[in-house]
Amino acid sequence: VQLQASGGGLVQAGGSLRLSCVASGSTFSTYGMGWFRQAPGKEREFVVAISRSGGGTYYADSVKGRFTISRDNAKNTVYLQMNSLKPEDTAVYYCAAHRSEAVVAFYDYWGQGTQVTVSS
């Protein structure tokens, strides 16, 4: 599966952005999906995951209540709605996919990143 993320940009603190990740090359509904991020000088960290059907999600504590993951299997797309953004959310955001039935698993497939910058 190939993954293409988009939707990043520059936003003021307290603002919102919606990231999208479009999958191609395989049956999207057979993949669990996730978002990760990597800030400058830091390791890549997990943000949120969603199950194949969309019925299960799992959020990192740092984004719980502010970010929402969703998916549209008919459009081969997973979304990340980010509200109440903080400067510490600034990072390159990556979407990823795995073939497990679990919500979270080892991610085998990665898209290119999209930059999110939150100004204070």
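Our structure is the block above this text.
This is a predicted model, so every value here is computed, not measured. (Residues numbered from 1 in each chain as written. Predicted model: local features only at pLDDT ≥ 70, side-chain atom pairs only at ≥ 80, totals over all residues. Heavy atoms only, no water.)

**Observations regarding the overall build of the chain**
Working step 1: From N to C terminus, the chain includes 0 helices and 11 strands.
Working step 2: In the chain, the succession of α and β elements from N to C terminus is β-β-β-β-β-β-β-β-β-β-β.
Working step 3: Expressed along its principal axes, the backbone C-alpha trace of the chain runs to roughly 40 × 25 × 25 Å.
Working step 4: When contacts within the chain are restricted to residue pairs at least 6 apart in sequence, long-range pairs at least 24 apart make up 55% of them.
Working step 5: Accessible surface, the chain as shown: approximately 5900 Å² in total, 47% of it carbon and sulfur. (Helix = DSSP H or I, 4+ residues; strand = E, 2+ residues; numbered from the N terminus. Contact = heavy atoms within 4.5 Å. Areas by Shrake-Rupley, 256 points an atom, 1.4 Å probe, with all protein chains shown as cover.)

**A word on the side chain of R66**
Working step 1: You can see R66 is positioned in the loop between β6 (57-59) and β7 (67-72).
Working step 2: A residue is classified by how much of its surface remains accessible, and R66, at 10% relative accessible area, is buried.
Working step 3: Here the side chain of R66 touches S62 through a polar contact of 2.9 Å, landing on its backbone oxygen.
Working step 4: A polar contact is formed between the side chain of R66 and the backbone oxygen of S84, at a distance of 3.0 Å.
Working step 5: Filtering out sequence-adjacent residues up to four positions away, R66 remains in contact with Q81, M82, N83, S84, L85, K86 and D89. (Buried < 20%, exposed > 50% of the residue type's maximum accessible area, 1.4 Å probe, protein only. Polar contact = N/O pair within 3.5 Å; in protein donor to acceptor, adjacent residues only side chain to side chain.)

**Examining the nonpolar core**
The nonpolar side chains of soluble globular proteins are, as a tendency, buried together.
Working step 1: Counting residues in each nonpolar core, the largest one holds 31 residues, and the members touching the most others are M33, W35, M82 and Y93.
Working step 2: Within the residue set of this core, elements represented by two or more residues are β1 (2-6), β3 (17-24), β4 (32-38), β5 (45-50), β7, β8 (77-82), β9 (91-98) and β11 (114-119).
Working step 3: Not counting residues within four places of it along the chain, the set of residues in contact with M33 comprises L3, C21, F28, V48, A49, I50, I69, R71, V78, A96, A97 and Y107. (Core = buried A, V, L, I, M, F, W, Y, C linked by side-chain atoms within 4.5 Å.)

**Brief notes about the pairing of β7**
Working step 1: The alternating pattern of β7 places F67, I69 and R71 on a buried face and T68, S70 and D72 on a face that is not buried.
Working step 2: Pairing geometry for β7 and β8, over 6 bridges, is antiparallel. Its bridge partner being in β8, I69 is matched across the sheet by L80.
Working step 3: The turn linking β7 back onto β8 is made up of 4 residues, and N76 within it adopts a positive phi angle of 55°. (Pairing = 2+ DSSP bridges.)

**Let's talk about the sheet that holds β3**
Working step 1: Sheet architecture is open: 4 strands sit in the order β1-β3-β8-β7, paired in antiparallel fashion. Either end of the sheet is taken by a strand with one partner, and the two such strands are β1 and β7. The sheet shows a mean angle of 15° between the axes of neighbouring strands, taken without regard to direction.
Working step 2: In terms of strand pairing, β1 meets β3 through 5 bridges, oriented antiparallel. If you follow Q4 over to β3, its bridge partner there is V22. (Axes fitted to C-alpha atoms, helices over the stretch in contact; angles between N-to-C directions.)

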